[in-house]
Every structure is written in C-alpha cells, then in structure tokens.
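Fold and geometry: a report
As a plain string of letters, each chain reads:
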Amino acid sequence: MSDVVEDGLSAAIEALKDPQLQILCRRFYRFVAGEDVAAYSTAALISQVEQMRAFAQVRAMNTPLAQVRDESDAPFTVGMIVTDDMPFLVDSVSGELSLEGRSVRLIIHPQLVVRRDASGQLLEILDLDVDEGRPAGAIAESWMRIDMDRDYLNPDGRSSANRLIQVLADVRSANNDWQKMRAKATEIAAELDAAPPVSLPLEEVTEGAALLRWLTQDNLTFIGYREYSLAFVEGHEALVPVPGTGLGILRIEPTAGPESAEASKLPTPVREKVRENRLLVLTKANSRSTVHRTGYLDYFGVKVFDESGQVIGEKRLLGLFTAAALTESIVDVPVLRG
C-alpha cells in the first residue's frame, strides 16, 4: 500500500476494540496495492471487512458461499465468496465473470485459517498463513471481495451468484480428483501395453500409451474423466456413460430419461468416427472449461476394443494443456511427433 493509505489504515485497525476484526483487517489488505483502495476512506475499508465477516459467519462443510449484489450508494457491483482454499479459484472466478461480460475492477483475496463448529458457525480467525502448521480442527479458507462495474441491464445478481457456485463446485471436483484422473491415464497406458487391441498397428498403440504418460508429466491440467460403452438406445447407437466412472467435472451421474437418451444418440458422421479403427480421438470439446481457464477443453478419447478388435466404448479425459505443454517442441510429443 501507499504510505499514506497504509499509515491511516494501520492506525484505524490498531484502534479497533475487536481483536478478531484487527486480525481480519490486517490479513484482508495485506497484499492490496494502496492505489487500488486509495479512493476509500479508512472507515469504508474497515466496513468492507465487517461486511465480509458477516457474510462468512455460517458456512457448511465443503459448501461455498457466493453473493453478487449492487452497492446502494456506489455505481458498482460487489461479489463476495467464501470457500475452502484450493488452486484455480481466482482465475476460475475471474474467467466466469469475464464470460458474463462483467468488468472486474478489483479482487481482494485473503487466504485465512479459521475454526468453525459442526454447524459451520465461524468461531475464530487465526493469525496464521495457510501454509503454516495449524491447530487440529482449523481449516484454510479463501475469502474474496470482487468489485465490478455495475450491470444496469441485469441488476439482479442471483444468476451470477448461482453460476459462481457451480464454478466453485467444478473447481472443488477437479482438485479432489486430479490425482485419480492422472492415475487413470497411467492405468489406461499400462492396459494398452499389456493387451494391445488386435485390430490396431502396434506402433499406434505404443504411441497412444506414451501420449497418456506424457500428459501425466505436468502437461495436462486434468479436469474430467468418464467411461462410456457403445450401445443401442431406442434403436440408435449411443455412447452411454458407465455408472460410477465419472471423476472431476464429470463425477455427477447423468440423469436418466428420454432427454438424456436423446442426447447420447450419435449422428451418422460421429457414429462413423466412433466405429473407426483408430485408438485415439484428439480434439477440442464443445464446452468451455469452468476451471482454471475459460478456453475450450482438450478432449482425449481412448477407444475400448473387444477381443475381436471391435470398438465397444471409450475412456474420455478432459483437461487443459499446461503452459509447459504448449511450449513443448512437437518432435517431443508422442503421436504428434509422427
């Protein structure tokens, strides 16, 4: 912070009679540039922290809080988020708001160590960093205050808050399952080595297995995984999700019913691709990532063959290439090195 802002705010914080509010204020503005908050009075800055603490008072375990609302006395919108601390939060939230067309002015993102009771009631904010040792029962949380230009055409922030809740759920799922998804890629590679499909050239299978291992070497941010079986649904060929195989953003089981069945049916061109005697389907998914970056997801489909060499399903990985992968020479990437 600038010296003027820092000195004035520090003095106001030290004058507070609430020790918990003192800790929170210091940590809230710890890494904020002075010019970013210079337009606010010290009273307004402390009031923002009090609002944030009030919003964070009750949070059930593993459940994020999100709110988007217009400030009554200022021409901007405020977003508030409280969730467990984990990677990809800020860029995922920023990406979602950008896709909505919102212009973000400032994100304040303290990472806090707190204690809550069984009902989620906030008991204590500890004066600790999240990477320090902490007492039993204390948890690391990310709190965010986001200042945005006001959207006068859509003043109700509930839809934005609901979308942020979904983004936060996707970030949690991807973080919880990334090791399992990476292990799946390694497992599929080992299966290909041990039992190459009889209808494919051995070199194609070997390169496919090598590509899967290459992805696990910090070249892919794993975001989703699911297995599919090729079956007939109402007389049409379809890729049907195998129950219990979903991980990351694909961990939620698809709903059953006519709409789901209709969506899984394969148009003729796609059906021909699925039946094609090739191991891999490498493409971009038709949906954007809600985790980390908002680009279209990278799609890796590994076909499953029966003993006679016929395609009977697919194992699908979704993710985003890492910065390291995008700068890798093509001559070093399996399959692409040709």
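Note that the structure is predicted; figures quoted are calculated from it, not measured.

Conventions we followed
Residues numbered from 1 in each chain as written. Predicted model: local features only at pLDDT ≥ 70, side-chain atom pairs only at ≥ 80, totals over all residues. Heavy atoms only, no water. Helix = DSSP H or I, 4+ residues; strand = E, 2+ residues; numbered from the N terminus. Contact = heavy atoms within 4.5 Å. Buried < 20%, exposed > 50% of the residue type's maximum accessible area, 1.4 Å probe, protein only. Pairing = 2+ DSSP bridges. Patch = residues over 30% accessible without salt bridge, like charges linked within 9 Å, V, L, I, M, F, W, Y side chains within 5 Å. Areas by Shrake-Rupley, 256 points an atom, 1.4 Å probe, with all protein chains shown as cover. Salt bridge = Lys/Arg side-chain N within 4 Å of Asp/Glu carboxyl O. Phe/Tyr/Trp six-rings, centres within 6.5 Å; stacked < 30°, edge-to-face > 60°. Lys NZ or Arg CZ within 6 Å of the ring centre and 35° of its normal. Axes fitted to C-alpha atoms, helices over the stretch in contact; angles between N-to-C directions. Parallel < 35°, antiparallel > 145°, perpendicular 65-115°, else oblique. Nonpolar A, V, L, I, M, F, W, Y, C, P; charged D, E, K, R; others polar. Left-handed = near helix turned anticlockwise from the far one by under 90°.

Counting through the fold element by element, Leu211 comes out in helix H7 (residues 202-215). Separated by 72 residues in the primary sequence, Leu211 and Thr283 place their C-alpha atoms 14 Å from one another. In this structure, Leu211 is in contact with Leu280, Leu282, Val333, Pro334 and Val335, ignoring residues within four places of it in sequence.

On to the pairing of strand E12 (residues 311-321). E12 sits mainly inside the fold: 9 of its 11 residues count as buried. The sheet contact formed by strand E7 (residues 220-233) and E12 spans 9 bridges and is antiparallel. Note that in E12 the partner of Phe222 across the bridge is Gly319. Here strand E11 (residues 296-305) pairs with E12 via 8 bridges, running antiparallel. Each bridged residue has a counterpart across the sheet, and for Val304 the counterpart in E12 is Gly313. Here E11 folds back onto E12, and the loop between the two strands holds 5 residues, one of which, Gly309, carries a positive phi near 95°.

This part covers a nonpolar patch on the surface. Where nonpolar side chains cluster on the molecular surface, the patch consists of Leu282, Ile330, Val331, Val335 and Leu336 and spans about 440 Å² of accessible area. Mapped onto the secondary structure, Ile330 falls in the segment after helix H10 (323-326). Residue classification places Ile330 among the exposed residues on the basis of a relative accessible area of 53%.

Next up on the list: the pattern of salt bridges. Scanning the entire structure with this criterion turns up 26 salt bridges. Linking Arg163 and Glu96 is a salt bridge whose minimum nitrogen-to-oxygen distance equals 3.3 Å. Taken as a pair, Arg163 in helix H6 (residues 158-194) and Glu96 in helix H5 (residues 89-99) lie far apart in primary sequence, 67 residues in all. A salt bridge links Glu191 to Lys315, with the shortest nitrogen-to-oxygen separation between them at 3.1 Å. On the criterion of sequence distance, the pair formed by Glu191 in helix H6 and Lys315 in strand E12 is long-range, its members being 124 residues apart. Its relative accessible area of 36% is what places Glu191 among the partly exposed residues. For Lys315, a relative accessible area of 15% puts it in the buried group.

Glancing now at the packing of aromatic side chains. Applying the stated criterion across every chain yields a total of 3 aromatic pairs. Looking at Arg316, its charged tip hangs above the ring of Tyr228, at a distance of 4.0 Å from the centre.

So, about the environment of Ser159. Inspection of the secondary structure puts Ser159 in helix H6. With a relative accessible area of 35%, Ser159 lands in the partly exposed category. Remark: the alpha-carbon pair of Ser159 and Val68, spanning 91 residues in sequence, is separated by 8.7 Å.

The subject of this paragraph is the packing of helix H2 (residues 19-28) against helix H4 (residues 42-55). Remark: H2 packs on H4, axes separated minimally by 10 Å, with the N-to-C direction vectors making an angle of 110°. The angle between H2 and H4 places the two elements in the roughly perpendicular class. Touching Gln20, Leu21, Leu24, Cys25 and Phe28 of H2 are Ile46, Val49, Glu50, Met52 and Arg53, all from H4. Partitioning the contact of H2 with H4 into residue classes produces 7 nonpolar, 1 polar and 2 charged.

All right, on to the packing of H6 against H7 then. The N-to-C vectors of H6 and H7 enclose an angle of 160°; their axes lie 8 Å apart at closest approach. Regarding the angle of H6 to H7, the classification is roughly antiparallel. Considering how the two elements wind past one another, H6 and H7 form a crossing that is left-handed. Within the contact between the two elements, H6 uses Ala185, Ile188, Ala189, Ala190, Leu192 and Asp193 and H7 uses Val205, Ala209, Leu212 and Arg213. Looking at the contact of H6 with H7 residue by residue, the class counts come to 8 nonpolar, no polar and 2 charged.

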